[in-house]
Amino acid sequence: MKKLFNRQTYIFLVSFVMLCFTQALVFAQDSAASSSTTTTTTEQHTTTIQPWVWVVGGAVLLIIIIALVRGGGSGGSHTDKVTVTKTTSSENS
């Protein structure tokens, strides 16, 4: 039985379908294809941040960085000093 589609034909068909789909999307967004009457409204919202917010944010960030670098202090590792005393005796005869 002979194959109806080989690999190159399959790749060509898939590419062709994808290009057609992309062309349809581009044409749908074309402004010339839409109606000639358009209404444009723009709203502008300006947000300004006060300088004290930057100062407080910087201070909080600095405190977090210092806490991470120091390791917490109380919950961190600690060392114990242990003194071991050994007594040895030898009998000389």
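Preceding block: the structure.
This section reports on the structure supplied with the text. The numbers attached to residues start from 1 for each chain and follow its sequence in the written order. It should be noted that, the model being predicted, local features are given only for residues of pLDDT at least 70 and side-chain atom pairs only at 80 or more, the latter also being counted only at that level, while totals for whole chains, interfaces and linings use all residues. Excluding hydrogens and water, the side-chain values take into account all heavy atoms of the structure.

### Considering the overall build of the chain
Keep this limit in mind: Secondary structure elements follow DSSP: runs of H or I no shorter than four residues count as helices, runs of E no shorter than two count as strands, and numbering proceeds from the N terminus. With a 1.4 Å probe rolled over the protein chains alone, any residue whose accessible area is under 20% of its type maximum counts as buried; one over 50% counts as exposed, and the rest are partly exposed. In this description, accessible areas are obtained by the Shrake-Rupley approach with a 1.4 Å probe, and a residue is regarded as covered only by the protein chains that are shown.
What the chain contains, in helices and strands, is two helices and zero strands. Taken over 93 residues, the chain has a buried fraction of 0%. Here the chain displays about 10200 Å² of accessible surface, and carbon together with sulfur accounts for 61% of that area.

### A closer look at a nonpolar patch on the surface
Spelled out, the test is: Patches here: salt-bridge-free residues with over 30% relative accessible area, like charges joined within 9 Å, nonpolar side chains (Val, Leu, Ile, Met, Phe, Trp, Tyr) joined within 5 Å. The salt bridge criterion pairs a side-chain nitrogen of Lys or Arg with a carboxyl oxygen of Asp or Glu, the two atoms within 4 Å.
Side chains of Ile49, Trp52, Val53, Trp54, Val56, Val60, Ile64 and Leu68 sit close together on the surface and give an oily, nonpolar patch of about 880 Å² of accessible area. Among the structural elements, Val56 can be located in helix H2 (residues 51-70). A relative accessible area of 44% places Val56 in the partly exposed class.

### Comments concerning the packing of aromatic side chains
Condition: Each aromatic pair joins two rings of Phe, Tyr and Trp (for Trp, the six-membered one) with centres within 6.5 Å, and gets the label stacked for planes under 30 degrees apart, edge-to-face for over 60, and tilted for any other angle.
Under the criterion given, the structure shown has one aromatic pair. Centroid distance Phe12 to Phe16: 6.3 Å. Interplanar angle 20°. Geometry classified as stacked. Taken together, the residues Phe12 and Phe16, both in helix H1 (residues 7-28) and four residues apart, mark about one turn of the helix. When its relative accessible area of 46% is taken as the criterion, Phe16 is described as partly exposed.

### Re H2
Using the following cut-off: A helix is expected to span 1.5 Å multiplied by its residue count minus one.
Between its first and last C-alpha, H2 extends 29 Å over 20 residues, near the 28 Å set by a 1.5 Å rise per residue. Buried residues are scarce in H2, accounting for zero of its 20 residues.

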